[in-house]
Amino acid sequence: MPGTATIKLDEPKTGRLTIQYAPEATTEIFENPPRFTWLPVIEDEAQYVLRVSTDPKFPETSTQVFPGIPLNFFTPDVAFAPGDYYWTYAVYDPATGKPATTWSSTRTFTITAELPETPLPARDVRFAASTLDHPRLWLTADRLKDFRAAVKADPNHCSWANFYEKSVLPWMDREITPEPAGYPGHQRTAPVWRQTYIDLQEVMYAIRHLAIGGQVTQDAAMLARAKEWLLSVAEWDPMGTTSRAYTDEWAYRTTNALTWGYDWLYDQMDEAERAKVRAALLERTRDIAEHAIISAKIHLFPYDSHAVRSVSLTLVPALIALLGDDETDEARDWLNYCIEFLSTVYSPWGDSDGGWAEGTNYWMMGMAYLIEAANRLKSYTGIDLYKRPFFRNTGDFPLFCKAPGTRRATFGDDSTQGDLPCVKTGINLRQYAGVTGNGAYQWYFEELNRLNPGTEMAFYNWGWWDTNFDELTYLTDYPQVEATAPESGMRHFKGIGWVGIQHEMADPDKHVQFVMKSSPFGSISHSHGDQNAFCMAAYGEDLAIQSGYYVAFNSTMHQKWRRQTVSKNAILINGKGQYADKDKSKAMASTGKIVTAEQREDHIYIKGDATAAYQSLSPEVTLAEREVYFVRNSYFVIVDKVDAATPVTIDWLLHANAPYDLGKTSFRYSGERAGFYGQVVWSEAGKPELSQVTGFPEVDPKEYEGLPVSTCLHAKYPASTRHRIATLLVPYKLDDPKRIFHFMDDQGYDADLYFTDVDENTFKVVMKKLANT
C-alpha cells in the first residue's frame, strides 16, 4: 500500500490521562501479537490503516497491512514470528483503499519466542460460529438441553438443587418491585442510593433466576411469573429514575435484568412482547454505550472507573443478547468495540503483572464483572480473554495484598467497613484457579469461605452478586482444582507500584502481611494520597492499618479523611500530605514509584520514591523516599529520607485499631491476638515528640456512628532541610514469650526491645549499617 498521501497526519502528544502510543521501543512485550494504541484524530468516524514490517522501509515483501481499522486501538488476528519490528499508522480512506494522510512516526518493538499467542479474530469472522437462537448467556440452546437432562438425572448436578432452593423459589412469592421513585427532591442521598441499589439487584435476581429455573425445570408457572417481572420492568421509563444519567449503577442493574429476561424468556413471549422488551433494552443499552464510547471516550481517556466497568458489567451481556435482533445492527458494532477494548486496552488499571491500581476491593468488583463477561464471550463466541497475561497473573494481586484473614491492612476504597474480604474475592480467585490450575488461588477461596461464613446477604455481597448463581455457573464450565497452601514470598506489581509480602499465610500463628504502595497512578479514582505508605498484619490480626471507612464516595469521611495522607501510615511534611482531591490531572500527577523490590539473603528490601506526590502540596520538597527492610521474616526497619529547600517538619504517622502505650522514643500497640513494638532508632534532625489522636478530625460523626474508632500515632520531628529517620517495628503474638535485650543507638536513645524469633546480632548489624548510611 503506497504512502502517497500529502495531508499530514496529526500526532498529538499524550497526557497522563490519555491512552498512550504503543508499542514503543522501550515497551516490554508480554503477548503476541502486541496491542497497538494511538491517539485518535478529531473525526469520530475516522478509519485507520496499520502496517507492520521487519524492515524500516516497509517493502511489500516483508510488510503486513491491516486496513479499515475503525478505532484507535487494535489487536491483529495473527501472531508475529520472533524478531524486531517497525510499525506506523495512517488515516485510511475506504473509498480508495489507500492512506488519506501521511504515515505516522515509525515505532519499534521486539517479539520473543516464548510469548503467549493471543490474536483476536477479525470482525468479519468473529461471530461466524455463534448461534442467533436464544438463550445465549451462560448456556446456549443445545447446552441447556443437556443441562436439563443432567439435572433430571441428578438434582445436585453442579449445585443445581442449592441454587433452585435458595435463589429461585423465593422469588415466586415476592411482590414485583415497582419503578423506583428516586431521591427525595432528586437530591442524591446515601441511604436511598444503597437501598435502591439492592432493590434493583434483586429485580435482576428475580428475572434471571426465575427464567433459568423455569427453563431448566420446564415449570410453566415459574416461566409465567418471570415474564410478569420482565414485562413490568420493560414499562419503566428508560430516561427516568433508572437511567444512566440519574444513577448509573441503578441503570446497569435494570439493563441487566432486561438482558437476562429477553434472552432466557425469548421463546415465552409473543412478537409484540419481544418488541416491547427489546425496545426498552436497546434504548437503555444505547444510553450506556454512547456514554462510554462518545461521551466518556474510554478509548482516549481510559480512567473513568464506571464507564470502563460498564463494558463488562452491562454492555457485553446486553449486546450478546441483542446481536442480530436489532434492525440497525447497532449491537454488533458496540459488541465489537467492547471485545476489542477488553482485548487491547484492558486493563487501564494495571499491566501484565496483574495489579489493579484502584486497590483490592475494586479489583474484586472489576474482576467479578470481567469474569462474567469473559465467560459469556467464551461460551458464545469462543474468544478466550483468559489467555492474556494480565488474566493469568491477576489472581496474585489479592493473594499477596489482601490475605483472607485481614480487614484493614491494604489500600484503596473498600466497602466492607472493616469486615473480612468479600467472599466474592475468593470466588474470583477460584475462577482463576480453574483457568490457570493454581492451587493457591483455590486455597484462598476455601480459606475465605471458612473464615467468613454467612455473609452472603451483606450489602457488599448481596448488593452485587448471588453466590449460589456463581457456584452454579462455575461448576458447569470449569474444573475443581485441588487447593495448595500459598508459598511465602513477595510480589512486585510494577505497573501500579504495589509490593505485597506474605509469610506463612496458611498458618495464622506465623503469618505476616506487609503491603507498600508508591504508585504512578497517584490518587486518581478510588486510589488515595498514600504513596510510600504501608500496612501490616501479623499473627491473625491487623496491626498497622488503613484508617477510616468507605461510607460513601464524596462523604466527609471519604474526602476529609480516608482519601487523605493523614489517614495512612505515611509522613506529613510541614503538616501536609499528598494531593488527593477531585482534580483528575492533579491526582494523576501526585505520583510515586517503587524503585526497588527484591529478596536479599536474609531480608526483603523495598525502596519507594514519593517525591512528586509530596511536591504536589509542598514544592519545597526535593526528596521523599522510604526504604523498608523485612529481616528474617520477623521485624521491619523503616527508613525515611526527606530533603527540602527550606527547613520542614516531619509527622511520622502510624494508625492502629486502639490507643498505644507511649515512651519517649518508643511505642507499643496491643491488640486481641497480636501487637507490635516500635522504636525510633535513628533521627538525624533530633528526637521526635510522640503523641496520639483517637478519632477522625473534620469528619461528620454521624457517618461512622456505631463503628469502631482508630488511633493515630504522631512522631513529630523538628524542622530541618535534611531528615534521615529509622524506625523499628516488631510484630509479635501476645501469648508468645518475648525475648528482651537492651539496645542503645548513637544518639543515646535506649529501650528494651521485645522480639520473637529474632537474631539479636542480625538486628544490631542492620542498625549499625543504617546509622552509617
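Up top is the structure these notes are about.
Residues numbered from 1 in each chain as written. Predicted model: local features only at pLDDT ≥ 70, side-chain atom pairs only at ≥ 80, totals over all residues. Heavy atoms only, no water.

Enquirer: Could you give an account of the sheet that holds strand β11 (residues 533–538), naming the residues involved and the relevant values?
Expert: Reading across the sheet, the five strands line up as β8-β9-β10-β11-β12 and stay open at both edges, with antiparallel pairing between neighbours. Where the open sheet ends on each side, the last strands, each with one partner, are β8 (489–493) and β12 (541–544). Going from strand to strand, the sheet's axes swing by 15° on average, the running direction of each strand aside. Taken together, the five bridges between β8 and strand β9 (residues 498–503) define a ladder with antiparallel strand orientation. The residue of β9 that forms the bridge with R491 is G500. (Pairing = 2+ DSSP bridges. Helix = DSSP H or I, 4+ residues; strand = E, 2+ residues; numbered from the N terminus. Axes fitted to C-alpha atoms, helices over the stretch in contact; angles between N-to-C directions.)

Enquirer: Kindly report on the nonpolar core, identifying the contributing residues and their values.
Expert: Counting 214 residues, the largest nonpolar core has Y346, M367, F514 and L654 as its most contacted members. Y605, Y629, V631 and Y635 belong to the second-largest nonpolar core, a separate cluster that totals 13 residues. (Core = buried A, V, L, I, M, F, W, Y, C linked by side-chain atoms within 4.5 Å. Buried < 20%, exposed > 50% of the residue type's maximum accessible area, 1.4 Å probe, protein only.)

Enquirer: Help me get a handle on the environment of W363, residues and values and all.
Expert: On the secondary structure map, W363 appears in helix α9 (residues 360–381). Here the alpha-carbon distance between W363 and A321, two residues 42 residues apart in the chain, equals 26 Å. If we skip the residues at most four places from it in the chain, W363 touches G354, W356, A368, T394, G395, F397, P398, T425, N428, L429 and Y432. (Contact = heavy atoms within 4.5 Å.)

Enquirer: Which residues make up the packing of helix α3 (residues 190–217) against helix α5 (residues 248–264), and what are the values?
Expert: It is at 9 Å that the axes of α3 and α5 come closest, and there the two elements cross at 10°. The angle between the axes of α3 and α5 places the two elements in the roughly parallel class. Among the residues making up the contact of α3 with α5, the classes are represented as 13 nonpolar, six polar and three charged. (Parallel < 35°, antiparallel > 145°, perpendicular 65-115°, else oblique. Nonpolar A, V, L, I, M, F, W, Y, C, P; charged D, E, K, R; others polar.)

Enquirer: Any chance you could break down the pattern of salt bridges for me, citing the residues and the numbers?
Expert: Taken as a whole and assessed by the stated rule, the structure comprises 34 salt bridges. Across the pair E330 and R286 runs a salt bridge, and its minimum N-O distance is 2.7 Å. Here R286 lies in helix α6 (residues 271–295) and E330 lies in helix α8 (residues 330–344), a separation of 44 residues in the sequence. We classify R286 as partly exposed; its relative accessible area is 25%. Here R491 ties to D396 by a salt bridge, and the two come within 3.1 Å at their closest N and O atoms. Taken together, the positions of R491 in strand β8 and D396 in helix α11 (residues 396–401) put the pair 95 residues apart, joining distant regions of the chain. For R491, a relative accessible area of 34% corresponds to the partly exposed category. We classify D396 as buried; its relative accessible area is 13%. Taken together, the salt bridges that share partners define one network made up of E11, E24 and R107. (Salt bridge = Lys/Arg side-chain N within 4 Å of Asp/Glu carboxyl O.)

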